[in-house]
Amino acid sequence: MDNISSMANALVERVKARRRKMKITQVGLAEISDVSFGSVKRFETTGQISLKSLIKIALVLKCEKDIEALFKRRG
């Protein structure tokens, strides 16, 4: 379970860093992505979010290729 928490925390930190680099606030991300502010805040605090909301956020942060590549067969 600790590995899952570590992975979730690392993902949250990358998303937050990307959001900040793009100069988008949590409120702004919520508005642009059509994900509730509560969900954005909960994700950045606990790592909990629905897959659909994560995809919406990825689209706003221009990370959709990362989502698409997540489970692609390699080689």
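Everything below is about the structure printed above this text.
Residues numbered from 1 in each chain as written. Predicted model: local features only at pLDDT ≥ 70, side-chain atom pairs only at ≥ 80, totals over all residues. Heavy atoms only, no water.

## Overview of the overall build of the protein
Keep this limit in mind: Counting from the N terminus, the helices are DSSP H or I runs at least four residues long and the strands are E runs at least two residues long. Atoms considered for the radius of gyration are the C-alpha atoms alone. The globule rule reads 2.2 Å times the number of residues to the power 0.38. Remark: exposure states derive from per-residue accessible area (1.4 Å probe, protein chains only) relative to the maximum for the residue type, with buried under 20%, exposed over 50%, and partly exposed in between. The accessible surface values rely on the Shrake-Rupley method and a 1.4 Å probe; as for residues, cover is taken only from the protein chains in view. In summary, the charge assignment counts Lys and Arg as positive and Asp and Glu as negative, without counting His or the chain termini. Where a charge sits is defined by one atom per residue type, namely NZ (Lys), CZ (Arg), CG (Asp) or CD (Glu).
Helices and strands together make up the secondary structure of the protein, namely five helices and zero strands. If you list the helices and strands of the protein from N to C, you get α-α-α-α-α. Taken over the C-alpha trace, the protein has a radius of gyration of 12 Å; the compact-globule value for 75 residues is 11 Å, and the two agree within 12%. Sorting the 75 residues of the protein into buried and exposed places 29% on the buried side. Accessible area of the protein: about 5,700 Å², with a carbon and sulfur share of 56%. If you average the places of the 16 positive and of the 8 negative side-chain charges in the protein, the two averages end up 2 Å apart.

## As for a nonpolar patch on the surface
Condition: Like-charged residues are merged into a patch within 9 Å and nonpolar side chains (Val, Leu, Ile, Met, Phe, Trp, Tyr) within 5 Å, provided each residue has over 30% relative accessible area and no salt bridge. Each reported salt bridge corresponds to a side-chain nitrogen of Lys or Arg within 4 Å of a carboxyl oxygen of Asp or Glu.
Together, Leu 51, Ile 55 and Leu 59 give the surface a local cluster of nonpolar side chains, amounting to about 280 Å² of exposed area. Mapped onto the elements of the fold, Leu 51 is located in helix α4 (residues 51–60).

## A closer look at unusual backbone geometry
Unusually for a residue other than glycine, Asp 34 sits at a positive phi of about 65°. In this structure, Asp 34 sits in the loop between α2 (26–33) and α3 (37–46). Look at Asp 34 and you get exposed, because its relative accessible area is 60%. Backbone geometry places Lys 62, a non-glycine residue, at a positive phi of 60°. Here Lys 62 is to be found in the loop between α4 and α5 (64–69).

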